[in-house]
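Fold and geometry: a report
Spelled out, the chains give:
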Amino acid sequence: MAGWLVTVRGIRYRSGRSLVVFLLAVVATTAAVLAPAYTGAAEQSALTDTLRAMPAQTLGLTVTGASASDVDVASLHNQALPLVRERTELSAVLGRPYEGATGAATLSSLSGAPASFVVYRSGVCGHVRLVAGACPAAGGDEVLVHADVARRFHLAVGDRLDFRSGTPHRIAGIYRVRDTGERYWWGGGRFGTDPGSDSDPQERVQPLLSNDPAAAGWKGVGSGQYELDFPVDVGAVRLAAVPALRAQLRSLDPALSDVSMRSGTGLPDAFTTAQREQDAVTGSVPVVAVPLVLLCWFVLYLMVASLTEERGPEIALAKLRGFRGPATVRFGLGEALALIVLAAPVGVLVGLAVVEVMADVALADGTHVAPTASVAYVALVALAGAALAAALAARRTMALPVMALLRRVPARGRWRATVVEGGVVALAAAALYQALSDPTSRLGLVAPPLLALVAGLVAARLLGLTAGRRLRWSRGRLRPPALLAAARLARRPLTQRIVVAVTVAVSLLSFAAAAWDVAGHNRVRVAQDQVGAASVYTVDAAGPQALRDAVARADPAGRYLMPAMQSQVHYGDGNVTVLAVDPARLPAVAAWSGLSTDRVRALARTLPGRPAPTLTVHGPLSVRLTAGHITTHRPVQVVALVARADAGPREVPLGTLRAGDRTYAAALPGCGGGCTLTGLGLSRYPGDFGHLAATLRVTAVSDAGHALDAGLTAPGRWRNGTAGAQASVTLTTDGGLGIACTSDDPADLVVTYHGEPERLPAVLSGAAPADDARATRFEFPAFGGTPLPFTVTGRTDVVPRAGRHALLVDLANVQRVQATQVDPQESDTGPTYQVWAAAGTPAGVLARLGVPVLHTDSLAAVLDRLGRQAPALALRLYLVAGVAALLLSLGAVLLTAYVGVDARLYELAALRVVGLSQADLTAAVRREYRVLLGVPLVAGLVAGAAGAVLMLPVIRLVTSSDAGVHRVYALGPWWVPGAVLVTVAGLVAVAYGVARMFGHARPESLREGAR
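A short tour of the structure in this document, coming up.

About the cut-offs
- Residues numbered from 1 in each chain as written.
- Predicted model: local features only at pLDDT ≥ 70, side-chain atom pairs only at ≥ 80, totals over all residues.
- Heavy atoms only, no water.
- Phe/Tyr/Trp six-rings, centres within 6.5 Å; stacked < 30°, edge-to-face > 60°.
- Helix = DSSP H or I, 4+ residues; strand = E, 2+ residues; numbered from the N terminus.
- Buried < 20%, exposed > 50% of the residue type's maximum accessible area, 1.4 Å probe, protein only.
- Polar contact = N/O pair within 3.5 Å; in protein donor to acceptor, adjacent residues only side chain to side chain.
- Contact = heavy atoms within 4.5 Å.
- Patch = residues over 30% accessible without salt bridge, like charges linked within 9 Å, V, L, I, M, F, W, Y side chains within 5 Å.
- Areas by Shrake-Rupley, 256 points an atom, 1.4 Å probe, with all protein chains shown as cover.
- Salt bridge = Lys/Arg side-chain N within 4 Å of Asp/Glu carboxyl O.
- Lys, Arg positive; Asp, Glu negative; His and termini not counted.
- Charge placed at Lys NZ, Arg CZ, Asp CG, Glu CD.

A look at the packing of aromatic side chains
- Taken as a whole and judged by the stated rule, the model has eight aromatic pairs.
- With 5.2 Å between their ring centres and 75 degrees between their planes, Tyr-98 and Tyr-184 make a pair best called edge-to-face. Here Tyr-98, found in strand β2 (residues 98-106), pairs with Tyr-184, found in the loop between β7 (168-177) and β8 (208-210); they are 86 residues apart in sequence, far enough to count as distant.
- On the basis of relative accessibility, which here comes to 15%, the residue Tyr-98 falls in the buried class.
- On the accessibility criterion, Tyr-184 (1% relative accessible area) is buried.
- Residues Trp-516 and Trp-975 carry aromatic rings whose centres are separated by 6.4 Å and whose planes lie at 70 degrees to one another, so their mutual orientation is edge-to-face. Highlighted residues: Trp-516 in helix α17 (residues 493-531) and Trp-975 in helix α27 (residues 975-997), separated in sequence by 459 residues.
- Owing to a relative accessible area of 12%, Trp-516 belongs among the buried residues under this scheme.
- Among the residues examined, Trp-975 registers a relative accessible area of 39% and is labelled partly exposed.

Right, dumping it as structure tokens:
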């Protein structure tokens, strides 16, 4: 008991030094706890981000019948809902389910209307905006009709709709949807879709909405399907609950199968995807924390060693009074060990608080720190490590004899230190080799600290050797300040340890700043490549022209918005993305990585070509044609090919071909709003394989009596569009469009009008989609099955949002091509219509678009998400560790000076007595610390730069795999210069503080006996 009382009194007596040891132990425990706590929070963040990135209907749980006739909404509630709710872990993360029913119906009462859907969703009236009428009564047979359908077919509230072989249903109201991308609609709610596979896209019918759960079973409604949709509360999915959720999802399917039901959810796939990111986090974040923990222990070692050395005379007196073995250890080390034990719980709390702050700033919303068993285990390891560091620091002093303790002779280096240093060099070489030879190795983030440690050891050794040689050479030759500084640097092992600590800290911070800067630059490039602009809105537009009209209406000046159409075509072993844009708006809107605005403007100028005017017709259409020689066995029809927006060309008969100069004319049904004349042709009698030959000349084309500028004498304006293999068509432009044709094929003979350039200008990224990857002219089915001629007007590494194998073309040219050559049914996938918005776009501009927004991508959101990937999390912690390491090392310099300040002032006072001036003593101190801090500054910066050059090419910078990331090693103007400036400022401040500390050595202190 008496021993512990002595320990407590010693702590009180040396309160300032005791506080320093306590704080260092707290920092060491905090640094150790950061690894498991931050890793756990980062894993939770990765899980949350993965779940939030998935569409609600893909992630959520959907329960349906095994077949359409097995269940209805009532049986889903009575049987499926209890099976879900009894699985408590699963039920805890699922929200209130939506009831749904969908069936296909034909509106027999509306002439020309295609098939539609009848859709029931629980609470439907709360998610639509009623333009007219009221919400249908629950369980009633009334319906809501979309405003576009009502306008197209002249419907009003109170009208009745008849389904085929069904009963009439009253229209209770007319609606518009607030947001078709809302989670409630579970993937679209059938808006803008059509059950018919060959329907005209122009005739899309929005669904009829009902408030009756049995709507899918109404008479005349077929293919009924009932479902129960459970949204996932992403914020409620905790990392610790994932195994239980997997198990309960596996057990749910057999239970539902027993009652003729089935389920679907994307949760298991999301967990698997998140696990890959979590593995990357656990493989990088803890590795980053290790150097900081080791540096904390090393600084604690320096501090305890200085304190124990300062207490040398006390320990000598204790030995003289009979203390032996354990008693001496308890007397000399008890204070430090007690402080370390007291600091452990405080360090745990501080570490958890720091991680909570980091989670709030840098991790996904809703992520919090969780105290786990691993945190407690690591805290115990940190406690043991700190205690071991203290014991090692005090071991040599405790073992010295009494006379050595009283003389206070500085310790000399031993051979064991050389062995340890050799081991560190060997370990660093092995880690560097492993990291460079295997980029997937986890040693990539360990190699820079090891390189820094080697640099620190080399710098310390060289400094000691240089100072010793200078001291031996300079006796009698150097001025006193240089001599005193060399003596201090050469004879004290503590000096070399401080050099190592400062070198490691400077290297860590400089490497972290460079890595974070380079990684941030690459994250911006990746985000720009993925998004393409500050914001990109995927919209539900009726077609390219409707999209362009909407953008022109919202932003007539072209300052903020740009229309775009994107599609993918399978080619070879991959895909080629085709992006059609408005070249005039592209420079103001696009975020193009690696290209300046002037370069983007130069590329955009190459896209439009020189298009001819589009032939817009309303009808009646007339064609003046002179037929010379005609050979045919069956009558042949003169036809015109016309196309409405977003529909393929259709034939309109103009009359039977006869010899002589005649006018062929016909009305154009469905073209009241305007159609495009895409071609002329001869339509053969069905099944006629006989020989056909004709010589024709088209001299005029008119619409509603007004002559059209059809380019009949312009070369290249009209081209052969005949598909028959046994047909030949020759075109001339003398005095009109001359057509000489022969055919033994039943296919129609067609000549097509081309307003677009003969070859579509395109900016290409990657290899050309042709046999010759370097081709500048090629044919490619960019928008469907019809190969189109392209000419490359520019090349770039990447096309924004389209990738590194893409074509960038003019949207206006695409419209003309689609109108004349491309059948939408031939496309691999339908195009997506987008509106790109520049940074700072006013909200009012977006509000004027007038088209439903299906999905939004933003540069800020992607950057935010990339900033929470494993590499960014590890490098952010690296940056924090670098700053902490610098503060620790500077603190170690100050504290070791402060601990020995009395003895040092006593020495300086003695030197004043023998004749040295205060100016010489001050100059000696400044020279000593200028070398002591300047050498590790240079060594640390060199080691940090070397680590960056060697390791940045092999460590992950953007994603857990960096797949598809084409790195650019560029430094910005802030991070690295800022880190260097902060480091230099810190070192200067420490040197100034030490000089002030030793700046007043008074000879009177010798009489006072201060030591």
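Comments concerning the side chain of Gln-248
- Examined against the element boundaries, Gln-248 turns out to sit in helix α7 (residues 242-257).
- Take Gln-248: its relative accessible area is 16%, and that puts it in the buried class.
- In this structure the side chain of Gln-248 is engaged in a polar contact, spanning 2.9 Å, whose partner is the backbone nitrogen of Leu-90.
- Beyond its immediate sequence surroundings of up to four residues, Gln-248 is in contact with Arg-87, Thr-88, Glu-89 and Leu-90.

Some words on the environment of Val-636
- By the secondary structure assignment, Val-636 is in the loop between β15 (621-631) and β16 (637-643).
- Along the backbone, Val-636 and Ser-683 are 47 residues apart, and their C-alpha atoms lie at a distance of 5.8 Å.
- Filtering out sequence-adjacent residues up to four positions away, Val-636 remains in contact with Gly-655, Thr-656, Leu-657, Leu-682, Ser-683 and Leu-692.

A few points about a positive patch on the surface
- Together, Arg-470, Arg-926, Arg-927 and Arg-930 make up a region of like positive charge exposed at the surface.
- Counting residues per element, the positive patch draws most heavily on helix α26 (residues 918-951), at three residues.
- Looking at the secondary structure, you find Arg-926 in helix α26.

Here we look at the pattern of salt bridges
- Applying the stated criterion across every chain, the model contains 14 salt bridges.
- A salt bridge links Arg-170 to Glu-142, with the nearest nitrogen and oxygen atoms 2.8 Å apart. Of the two residues, Arg-170 is situated in strand β7 and Glu-142 in the loop between β4 (128-133) and β5 (143-146); the sequence distance between them amounts to 28 residues.
- On the basis of relative accessible area, Arg-170 is assigned to the partly exposed category, the value being 28%.
- For Arg-585, the salt bridge identified is with Asp-555, shortest N-O distance 3.2 Å.

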